[in-house]
Amino acid sequence: MDMKRVKDYIYWLYYQYLLVTCSYVLEPWEQSMFHTITVTVVAMVVYTAYVFVPIHVRLALEFFSQIFGAQPDSAV
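Residues numbered from 1 in each chain as written. Predicted model: local features only at pLDDT ≥ 70, side-chain atom pairs only at ≥ 80, totals over all residues. Heavy atoms only, no water.

## Regarding the UniProt feature "transmembrane region" (unreviewed entry) in the protein chain
Per the UniProt record, "transmembrane region" (unreviewed entry) is annotated on residues 9–26 and 32–53. In residues 9–26, helix accounts for 72% and strand for 0%; the two terminal C-alpha atoms are 23 Å from one another. Structurally, residues 32–53 is divided into 100% helix and 0% strand, and its ends, taken at the C-alpha atoms, are 31 Å apart. (UniProt positions renumbered as here; feature names shortened; annotations may be inferred. Helix = DSSP H or I, 4+ residues; strand = E, 2+ residues; numbered from the N terminus.)

## Focus on the side chain of Ser23
Examined against the element boundaries, Ser23 turns out to sit in the loop between helix H1 (3–21) and helix H2 (28–67). Among the residues examined, Ser23 registers a relative accessible area of 0% and is labelled buried. The contact partners of Ser23, leaving out residues within four places of it in the chain, are Leu18, Gln31, Phe34 and His35. (Buried < 20%, exposed > 50% of the residue type's maximum accessible area, 1.4 Å probe, protein only. Contact = heavy atoms within 4.5 Å.)

## Quick word on a nonpolar patch on the surface
On the surface, Tyr15, Leu19, Tyr24 and Val25 cluster together to form a nonpolar patch covering roughly 410 Å² of accessible area. Position of Leu19 relative to the elements: it lies in helix H1. A relative accessible area of 33% means that Leu19 is categorised as partly exposed. (Patch = residues over 30% accessible without salt bridge, like charges linked within 9 Å, V, L, I, M, F, W, Y side chains within 5 Å. Areas by Shrake-Rupley, 256 points an atom, 1.4 Å probe, with all protein chains shown as cover. Salt bridge = Lys/Arg side-chain N within 4 Å of Asp/Glu carboxyl O.)

## Here we look at the pattern of salt bridges
Summed over all chains, the structure comprises two salt bridges. One salt bridge in this structure joins Lys4 and Asp8, with 3.3 Å as the shortest N-O distance. Placement of the pair is Lys4 and Asp8 together in helix H1, with a separation of four residues, close to one helical turn. Residue classification places Lys4 among the exposed positions, given a relative accessible area of 59%.

## Regarding unusual backbone geometry
Residue Cys22 is not a glycine yet carries a positive backbone phi of 60 degrees. Within the element layout of this structure, Cys22 appears in the loop between H1 and H2. A relative accessible area of 44% places Cys22 in the partly exposed class.

In structure tokens, the structure reads:
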């Protein structure tokens, strides 16, 4: 894939983002604030999912393994 097509595709995705969020009608300083807040929220959601989802999955697996009759790791 040549670089021009990749570049055009990235510009198209950015344009779609602007259309979906209606941020193309904002002034430049408002757009920068909106993008900053959006990136911050997405980063916090990704970080939270990275930190807490594995813990919850492990706890859920332990819970269901106890329900379905698996022996606990330590009997002490």
